[in-house]
Amino acid sequence: MKRIIDGQQINKCFGDEQEKVKVLKDVSVTIYDGEFVSVMGPSGSGKSTLLYTLSGMDTIDNGDVKFIDQSLTECRETELSDIRRQEMGFVFQHPIFLKNLTILDNIVLPAMRDNRKKVKELSSKAQQLMEKTGIGDLAYRMTSQASGGQLQRAGICRALINEPKIIFGDEPTGALNSIAAQEILDNFLQINKEGTTIMLVTHDAKVAAQSERVLFMKDGQIVDELLLGKLSKTKVEQRVESVTEKMLKVEI
Amino acid sequence: MYFRMIRNDFLRNKLISITTMLFIAAATALVSLVAILTVNLSGSIDTLMKQAQVPDFLQMHAGDIDKERLKSFAVENENVKAYQVLDFLNIPGSKIQLGENSLIDNIQDNGFSTQSPHFDYLLDLDGQPIQAAEGELYVPIGYMKDRTAQIGDEAIVAGRKFEVAGFLRDGQMNSPLASSKRFLINEQDYKELESEGTLEYLIEFQLKDVSKMNEFETAYADAELENNGPTLTSTLFKVINGLSDGIMIALILLVGVLIVIIAFMCIRFTLLTKMEEDYREIGTMKAIGLRLADIKKIYIAKYGLIALVGSLLGLFISFTFSEPLLENIRLYMGESQYSSLSILLAIFGSIVVFVLVIGYIHLLLRRFKKISAASAIRTGSPKEKTVRKNYIFLSKNSLFTTNAFLGIKDVLSRKKLFLTMLIIMVASSFMMIVPWNTYHTVSSPSFTKYLGFGEMDLMVSIYQSLEPNEKEKEVADYLSKNDSIDQYVKITSKSFKVKKEDGSEEKIVIELGDHSAFPIEYNSGNAPEKRNEIALSSMNASEFRKQVGDTIEIITDSGMKRFVVSGIYSNIFNGGKTAKANFIDNTAPTMWLSHYIELKNPDQIALETEEISQALPFAKVTDANNHKKQVFGTTIASIKIAAIIALVVALFITGLVSLLFMRLLVAKDRSTIAMLKAIGFNNQDLSRQYATRGIFILIIGVAGGNILASTLGESLAGLAISSFGVEKLTFVSHPLIYLGCPLLMLLVTLLATKLGTKQAGRIAIAENLKE
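Source: prediction; values computed, not measured. (Residues numbered from 1 in each chain as written. Chains lettered and ligands numbered in written order. Predicted model: local features only at pLDDT ≥ 70, side-chain atom pairs only at ≥ 80, totals over all residues. Heavy atoms only, no water.)

Comments concerning the overall build of chain B
Link 1 in the chain: Of regular secondary structure, chain B possesses 22 helices and 22 strands.
Link 2 in the chain: When the backbone C-alpha atoms are referred to their principal axes, chain B occupies close to 100 × 55 × 55 Å.
Link 3 in the chain: Looking at chain B residue by residue over its 771 residues, the buried ones come to 56%.
Link 4 in the chain: Of all intrachain contacts in chain B linking residues separated by at least 6 positions in sequence, the fraction that spans at least 24 positions is 83%.
Link 5 in the chain: With the model as given, the accessible surface of chain B reaches about 33800 Å², and the carbon-plus-sulfur share is 58%.
Link 6 in the chain: Across chain B, the 78 positively charged side chains and the 81 negatively charged ones have centroids separated by 21 Å. (Helix = DSSP H or I, 4+ residues; strand = E, 2+ residues; numbered from the N terminus. Buried < 20%, exposed > 50% of the residue type's maximum accessible area, 1.4 Å probe, protein only. Contact = heavy atoms within 4.5 Å. Areas by Shrake-Rupley, 256 points an atom, 1.4 Å probe, with all protein chains shown as cover. Lys, Arg positive; Asp, Glu negative; His and termini not counted. Charge placed at Lys NZ, Arg CZ, Asp CG, Glu CD.)

Some details on the overall build of chain A
Link 1 in the chain: Tallying secondary structure elements over chain A gives eight helices and ten strands in all.
Link 2 in the chain: Projecting the C-alpha coordinates of chain A onto the three principal axes gives extents of approximately 50 × 45 × 40 Å.
Link 3 in the chain: The 252 residues of chain A split such that 56% are buried.
Link 4 in the chain: Entry remark: accessible area of chain A is about 11200 Å², with carbon and sulfur atoms responsible for 46%.
Link 5 in the chain: Treating the 33 positive side-chain charges of chain A as one cloud and the 36 negative ones as another, the clouds have centres 4 Å apart.

Some remarks on the environment of isoleucine 306 of chain B
Residues and elements named next belong to chain B.
Link 1 in the chain: Tracing the sequence through the fold places isoleucine 306 in helix 9 (residues 292–333).
Link 2 in the chain: Using a relative accessible area of 3% as the deciding quantity, one classes isoleucine 306 as buried.
Link 3 in the chain: In sequence terms isoleucine 306 and serine 17 are 289 residues apart; their C-alpha atoms lie 7.2 Å from each other.
Link 4 in the chain: If we skip the residues at most four places from it in the chain, isoleucine 306 touches Phe10, Ser17, Thr20, Met21 and Ile24.

Quick notes on the UniProt feature "transmembrane region" (unreviewed entry) in chain B
All names here are of chain B.
Link 1 in the chain: In this structure's numbering, the residues bearing the UniProt feature "transmembrane region" (unreviewed entry) are residues 21–41, 247–271, 300–321, 341–365, 417–436, 641–666, 694–712 and 732–752.
Link 2 in the chain: When the span residues 21–41 is considered, its composition is 100% helix and 0% strand, and the gap between its end C-alpha atoms is 29 Å.
Link 3 in the chain: Secondary structure across residues 300–321 comprises 100% helix and 0% strand; the distance between its end C-alpha atoms is 30 Å. (UniProt positions renumbered as here; feature names shortened; annotations may be inferred.)

A few points about the sheet that holds strand 2 (residues 21–32) of chain A
Residue and element names in this part refer to chain A.
Link 1 in the chain: Spatial strand order, 2-1-4-5: four strands in an open sheet with antiparallel pairing. Two strands lie at the open edges of the sheet, namely strand 2 and strand 5 (70–71), each paired on one side alone.
Link 2 in the chain: Taken together, the two bridges between strand 4 (residues 62–67) and strand 5 define a ladder with antiparallel strand orientation. Bridging from a neighbouring strand, lysine 66 pairs with serine 71 of strand 5.
Link 3 in the chain: Across the sheet, helix 1 (residues 47–54) lies against strand 1 (3–14), strand 2 and strand 4, angled at about 120 degrees from strand 1, the strand it touches most. (Pairing = 2+ DSSP bridges. Axes fitted to C-alpha atoms, helices over the stretch in contact; angles between N-to-C directions.)

Focus on the side chain of serine 44 of chain B
Link 1 in the chain: Structurally, the position occupied by serine 44 of chain B is in helix 2 (residues 14–52).
Link 2 in the chain: Only 2.8 Å separates the side chain of serine 44 of chain B from the backbone oxygen of glycine 334 of chain B, close enough to count as a polar contact. (Polar contact = N/O pair within 3.5 Å; in protein donor to acceptor, adjacent residues only side chain to side chain.)

What about the domain arrangement of chain B?
Residues and elements named next belong to chain B.
Link 1 in the chain: When its domains are assigned, chain B resolves into domain 1 (1–59 + 228–383), domain 2 (64–73 + 82–207), domain 3 (397–445 + 628–771) and domain 4 (448–627).
Link 2 in the chain: Between the C-alpha centres of domain 1 and domain 2 the distance comes to 45 Å.
Link 3 in the chain: Counting residues at the interface gives 21 residues for domain 1 and 27 residues for domain 2.
Link 4 in the chain: Of the roughly 2100 Å² buried at the junction of domain 1 and domain 2 (both faces included), carbon and sulfur atoms supply 60%.
Link 5 in the chain: At the boundary of domain 1 and domain 2, one finds zero salt bridges.
Link 6 in the chain: Run the count over domain 1 and domain 2 and you get 14 residue pairs in polar contact (both at pLDDT 80 or more).
Link 7 in the chain: Residue assignment for the side of domain 1 that touches domain 2 shows that the elements contributing at least two residues are helix 2, strand 1 (57–62), helix 7 (234–277) and helix 9.
Link 8 in the chain: Looking at the side of domain 1 that touches domain 2 residue by residue, the class counts come to 13 nonpolar, six polar and two charged. (Domains from an automatic or database assignment. Buried area = accessible area lost by both parts, 1.4 Å probe. Salt bridge = Lys/Arg side-chain N within 4 Å of Asp/Glu carboxyl O. Nonpolar A, V, L, I, M, F, W, Y, C, P; charged D, E, K, R; others polar.)

Quick look at the interface of chain A and chain B
Link 1 in the chain: Taken together, the contacts link 35 residues of chain A with 36 residues of chain B.
Link 2 in the chain: Taken together, both faces of the contact between chain A and chain B bury some 3300 Å²; the carbon and sulfur share is 62%.
Link 3 in the chain: Area buried by chain A at its contact with chain B is led by Ile96, Asn100 and Arg116 of chain A, which between them contribute 19% of it.
Link 4 in the chain: The interface formed by chain A and chain B contains one salt bridge.
Link 5 in the chain: The residue aspartate 685 of chain B makes a salt bridge to arginine 113 of chain A at a minimum N-O spacing of 2.5 Å.
Link 6 in the chain: Here chain A is connected to chain B by eight residue pairs in polar contact (both at pLDDT 80 or more).
Link 7 in the chain: Where the side of chain A that touches chain B is concerned, the elements lending two or more residues are helix 1, helix 2 (77–87), helix 3 (103–112) and helix 4 (119–133) of chain A.
Link 8 in the chain: Here the side of chain A that touches chain B takes six residues from helix 3 of chain A, the largest share from any one element.

Given below as C-alpha cells:
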C-alpha cells in the first residue's frame, strides 16, 4: 500500500539546556493511503506533538518524516507551507477563524491564496462542502453567530477546500457534547470513505473505536497498537470495549 | 513592593516603556524649549531696546531740514521726553570694502553715523555705547554673522582707510529685515567722509506716554514738519527684531504640540494593550478584594515613573539644546534679562506635560470599572466587539490578492485599534508637510506679493532730491530703448494728506501708477482700477479705521477728493504705511520714483542690474530676488532648519511607532497567526498582510495629513507669518513635498513593518494553537 506519512525514529525535546523534557523518543510511525488512524494516550504522552511533527508544523531534533516521497525535515519554510496548504488539512480542538470574515470566506481562505481568479468556482465548492456537512445555511453568518459544533464542521470544510491527501485532527471532538461529537465523527467517516486519509488525536474511546487503527502512546513512545479494520455499524460497542481495555492496560 | 513590580514590568516591556519615555521626553523638551526661547527672545529684545534707548517715533527725512522749527515743536509738545536729529550718511555699497569683501551686491542702505548724543545708542557686544576712536570702524552685527567682516580687517570707505574695531548692535536696524544698516565712526572721520555720500536725517523722539503715539503722530503731521521718508515706531522695531526667531519658535511649538498628541496616543495604545493582557489578573485582584484605587495605583506608579524620568530627561535635553538656538538671539540682541524666569517657565512647562500625562492615564484607567471579576477570571480576555455585519466578502473579491484583502479587512474591522496608528500617521505627515510648505511658500518668488511687492525682476528707483524731472526722462528713455526688457511700469510715490474723521490731517504716501501689471496679493478686496479707488496697506487701514468699500478723503491738487477703498494688502516696509492708487497728480511732492521691470530672460537679472546701474548711475537698481534673499535670508534659513528637524522627527516617529505597533499587533494576534500558518500561509504571506495594514493606514493617514496641512496647517502657518502683516496665506507648494514626504514615510513604514513582523515568523504553530 502507498505510504502517505512515514516517520522514522523521531526525537523531540522541549525546554532549554537546564531542563530538557523528552517528548518523543525514537517514535516511528507509518500512515497508509486511505487509512483512518487515531492516536490515544494520557495527557502529556506526546500524542499532539506527534501530530504536529508529522504534519511539518513542528520541527524535530532528529529522525526523519516523509510526506509521500518528500522529506519534510529537508523542506524550507515556504515549501512546508505549500504542502500544508495544498496536500494537508487541519482540524483543531478549538476552531480558530478570522472573526471578521463570514464562515464561507473562512472556508475558501486557504484556496483563495493561489486561485483568486477562480473565486466563483471556489465559493460554489465551499457551498457544496457546507451542504454535505450540514451547515449549508450558515454561509453568510459571522463566526460569532454559530455554535461550537457548527464551527467545527466549518473547520472540516476549510480543511477539505483544497482536496488534501490527508486530514489531521487534534482532538476535534474534545470540546463538544456527545451528540455533536458523533456528528463530526460521521463527517470524518464520510470523508474517509471518499478516499481521504485521516489521522486523529483523541482521548475519547468512542471516537477511536470508529477508526481502522488505534495507536497508544505513553511517555513519548508508541507502546501498543490495535487493528480494528473498516467500521461496520453493528460492532461499535465491541470495538469501544476493546479500545477501553487496551487503554487501561497502557495507563497502568 | 511597587518598585519591584515596576522594575519587572519595565524589563519585560523594554521597548514599549523606553519608547513611551522617549516621547514624553521629546514632548517635554519641545514645550520647555519653546518656553525658554520665547522668554529669552522677548527678554533680549527688551534689553536691547532699553540699553539702546530706541526712539519711540522716528521720521526719516531726505532733503532740507529746519532744525530750529523741529526743536521748538519738541519743546512745545507736552508728550516729548527727548528729541534729537541724527545724521545718516548714505554711501553706495560699491564704495564700501570690508577686508576682502565689497558690499557692491548688498541691497541694504549702508549709512555712516557718529554715536548719538542722547539716546538711540549704537552698542558694543556688552551692551555699552561705543566711542569710536579716529580710524576705527564699527560694523553692524549682521556682517559678523554672515562673515562679511572680521575684527582687525582693513576697511576702505570711499577711498579712506579704516580698521574694523568691533561690531555693533543697533536697536532699530539690527534685523536683516530692516532695510538700512548703520556703521559707526569717529566725528572727525565723519566730517571727512561727509562729501562722499547723500545725507539723510533721522528725526527721533522719545515720548513720556507711549500709549498716546497716535496723538503725537497727528500733531507731528499737523505741524507740517519734515516728512520726506518713512515713519517708524518702536512697536515695529520690536516686531522686526523678533520675527525670524519668532517663526522658528512657532514651528517648534507646532511640532511640540503634535509630539504631545503622539505621546498620548502611545500611552493610550500601550496601556490598553497592557490592560487587556492583565485582564485576568485585574479580575483576580478584584475578586480577592483589592480596591479599584489600589489596582490603579500600580499602573499609575509605573507610568508616573516613566513620565517623571521622561520629563526630567526632556528638561535636560531642552537646557542643552537651547544654548545653540539662543546663540543667534544673544548675538543680535544680547543677554536676556529674564533668563532665570525662562528656566522657571521651562520647569513649569515640563510639570504641565507631566501632570497632563498622569491625568490622561487616570482617564484611561477608568475602564477598570467595567471589568467584572467573574467574567475576567472565566474568559481571560475582554470580548472583542464581534462583527455582526459584513459588506466586503473574500469570496467575491478578485481585485486584491488574498494577503492584501486580509490586511485591509482587518484594519476596517478593528478600527478602534488602528485609530491610534492612524492619528500618529496623520500627525506625522502634518508635521512634515506644514513646515516644508511654509518654507517653500516663503522662499517662492511670489511670496513678495504678500508683502506689497509685485513679482518683478528689477526695480529702478530715483529719489526726489535728485532733480526728478530731468532724470526721470533719462530713465524713461533708457528703459524704452532697452530690448531685454519685457515690460515695465512707472510707479510714483507721492506724499498726500488724509482728512481724518475728527477733522485732523495726516500724511499718507501713495504709490501712483498702473498696479495691474505687477499684481500683489490683497488680504481683502482688489487692486485700484478706477481713478477714484485706492488700496491701503493693513497698517494704514487700521490707522484710518477703513475697510474695503469705505471712503477716504484725500487732499489732491484738485482739492479734497473722496476715494473708495478697493483693497487692503500687507506691507511691512517703509514703516508699513503705504497706499496704492492710479489717479494723476502734478503738484504733490514726489518722494521717489520707481520703475518695476520684468525681463524677457530672467536669467540675465544680474547682468542687467549691472548694465542699468552703469547707464543710470544716479538711480538705485534693485535685484528683486537678491533683495528678498538678503532681507528674508535669515528667516528663511531658520524655517528651513525647523523644516528639516520636523522631517527627521516625523520620520523617526513614523518608524518607531510602526515598529512598536506591529510588534504589539503580532503579539496580540498570536493564535490567528498560528492558525494561518497551519492552514498553509507562509511567513512572507504574513509579512505582506501586515505590510498591507501599515500601507493602508499610511495612505489614509497621509491623505488626512495632507488635507489637514493644506487647511488647518495653512491657517497655522498664516498665523505665524501674520507678524509680517500677512493676514491670509495660501501655500505655494511643490509636488515634491506632497509626493516626497509620503514616499519617505512609506519607506520607513515598510522597513519598520518588516522588522516588527519578523516575530510573526518565529511564532511556533503548535504552542499557540493548543491554548
